[in-house]
Amino acid sequence: MTSFGECYLNHYEQYFGDFKERTMFRQNDQNPIIQILSYERVFQGCAGFCTLGLTHYQAEVNGLAEVFLPVDDGWKQTPYILTNTLFYMVQRRMPIGQGTSIGGIENIDPEFCKKYQKSALYFTWPFELPEGFTEVNCGTSTGYVFLAIYISKKEYDFFRKYGAKQFESLLENEGVDVLHLSRQSAL
């Protein structure tokens, strides 16, 4: 029987080829690790970071899922920020899915947040990727890949006030390039 980790790794390789680097993070000695696989040039000028191991926490995040975060800068800090955000969600049993956002990443890496003016991670369905990327079939189970993007404090506040649908419409209407880390806030 193929493990979820093997299924997701095969899925990532199908779309991105071989990973460049693997970084492992652990909450403590008792719980499973989350790995971050980095892929070069997933989009023009962007690296992509994919998780492996979030599937061990499907009860805590209410689903069989992993995360993909593409970004054009901040490559050194992104694995640490992403895994700490996911462990925060695991510890608080927060469901992952479209319209999930976690603020306060300045508590993880204040210098990063100050430099790029981003203070939250927002999770949604991937876009601008080939059809089929979102779903990962593994035996009789289907898992999902969610897109994570960095957002500003104002964008995070807007999302909290108006919800995912209006927030995503704002990003689309403003033509926001969510992969560009140094971008101005949409607000």
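Refer to the preceding data block for the structure.
I will try to describe carefully the structure that is included in this document. (Residues numbered from 1 in each chain as written. Predicted model: local features only at pLDDT ≥ 70, side-chain atom pairs only at ≥ 80, totals over all residues. Heavy atoms only, no water.)

### Looking at helix α3 (residues 78-91)
Right, on to step 1. For α3, which comprises 14 residues, the first-to-last C-alpha distance of 20 Å matches the rise-based estimate of 20 Å (1.5 Å per residue) to within 8%.
Right, on to step 2. Here α3 lies mainly inside the structure; 10 of its 14 residues are buried.
Right, on to step 3. Taken residue by residue, α3 has T78, P79, I81, L82, T83, T85, L86, F87, M89 and V90 as its buried positions.
Right, on to step 4. Phi turns positive one or two residues past the end of α3, at R93, with a value near 55 degrees. (Helix = DSSP H or I, 4+ residues; strand = E, 2+ residues; numbered from the N terminus. Expected span 1.5 Å × (residues − 1). Buried < 20%, exposed > 50% of the residue type's maximum accessible area, 1.4 Å probe, protein only.)

### Topic: the side chain of S38
Right, on to step 1. Inspection of the secondary structure assignment puts S38 in strand β2 (residues 34-43).
Right, on to step 2. Using a relative accessible area of 11% as the deciding quantity, one classes S38 as buried.
Right, on to step 3. When neighbours within four sequence positions are excluded, S38 is seen to be in contact with F19, K20, E21, G48 and F49. (Contact = heavy atoms within 4.5 Å.)

### Examining the side chain of S119
Right, on to step 1. Mapped onto the elements, S119 comes out in the loop between α4 (110-116) and β6 (120-124).
Right, on to step 2. Beyond its immediate sequence surroundings of up to four residues, S119 is in contact with I102, G103, G104, I105, E106, C113, I151, S152 and K153.

### Topic: the environment of V136
Right, on to step 1. Inspection of the secondary structure puts V136 in strand β7 (residues 135-138).
Right, on to step 2. Its relative accessible area of 3% is what places V136 among the buried residues.
Right, on to step 3. Sequence separation between V136 and C113 is 23 residues; the distance between their C-alpha atoms is 32 Å.
Right, on to step 4. Dropping the residues within four chain positions of it, V136 is found in contact with C7, Y8, H11, S141, T142, G143 and V145.

### Some points on the state of the cysteines
Right, on to step 1. In the structure shown here, the tally under the stated rule is 1 disulfide.
Right, on to step 2. The disulfide partner of C7 is C138, and the gap between their sulfur atoms is 2.1 Å. Torsion about the S-S bond of the C7 and C138 cystine: about 70 degrees, corresponding to right-handed handedness. Placement of the pair is C7 in helix α1 (residues 4-16) and C138 in strand β7, with a sequence separation of 131 residues.
Right, on to step 3. Here C7 falls in the buried class, since its relative accessible area comes to 11%.
Right, on to step 4. Classification of C138 as buried rests on a relative accessible area of 7%.
Right, on to step 5. Its sulfur unpaired, C50 is 13 Å from the next cysteine sulfur, which belongs to C46. (Disulfide = S-S within 2.5 Å.)

### Examining the packing of aromatic side chains
Right, on to step 1. Evaluated as defined, the whole model comprises 18 aromatic pairs.
Right, on to step 2. Between the aromatic rings of Y122 and F159, the centroid separation amounts to 5.3 Å while the plane-to-plane angle is 75 degrees, which identifies the pairing as edge-to-face. Residue Y122 is found in strand β6, and its partner F159 is found in helix α5 (residues 153-162); the two are separated by 37 residues along the sequence.
Right, on to step 3. We classify Y122 as buried; its relative accessible area is 0%.
Right, on to step 4. Of the residues examined, F159 reaches a relative accessible area of 11% and is grouped as buried. (Phe/Tyr/Trp six-rings, centres within 6.5 Å; stacked < 30°, edge-to-face > 60°.)

### Some details on unusual backbone geometry
Right, on to step 1. With a phi angle near 50 degrees, R41 is a residue other than glycine that sits in the positive phi range.
Right, on to step 2. Looking at the secondary structure, you find R41 in strand β2.
Right, on to step 3. Positive phi outside glycine occurs at R93, with the angle close to 55 degrees.

### Side note on α1
Right, on to step 1. Here α1 contains 13 residues, and its C-alpha end-to-end distance of 18 Å stays within 8% of the 18 Å for a straight helix at 1.5 Å per residue.
Right, on to step 2. By the burial criterion, the buried members of α1 are C7, Y8, H11, Y12 and F16. Buried residues of α1 fall within an arc of 140 degrees about the axis and therefore sit on the same side.
Right, on to step 3. Those residues of α1 that are buried lie in contact with β2, β3 (46-52), β4 (65-71), β7 and β8 (141-151). (Arc of directions from axis to C-beta.)

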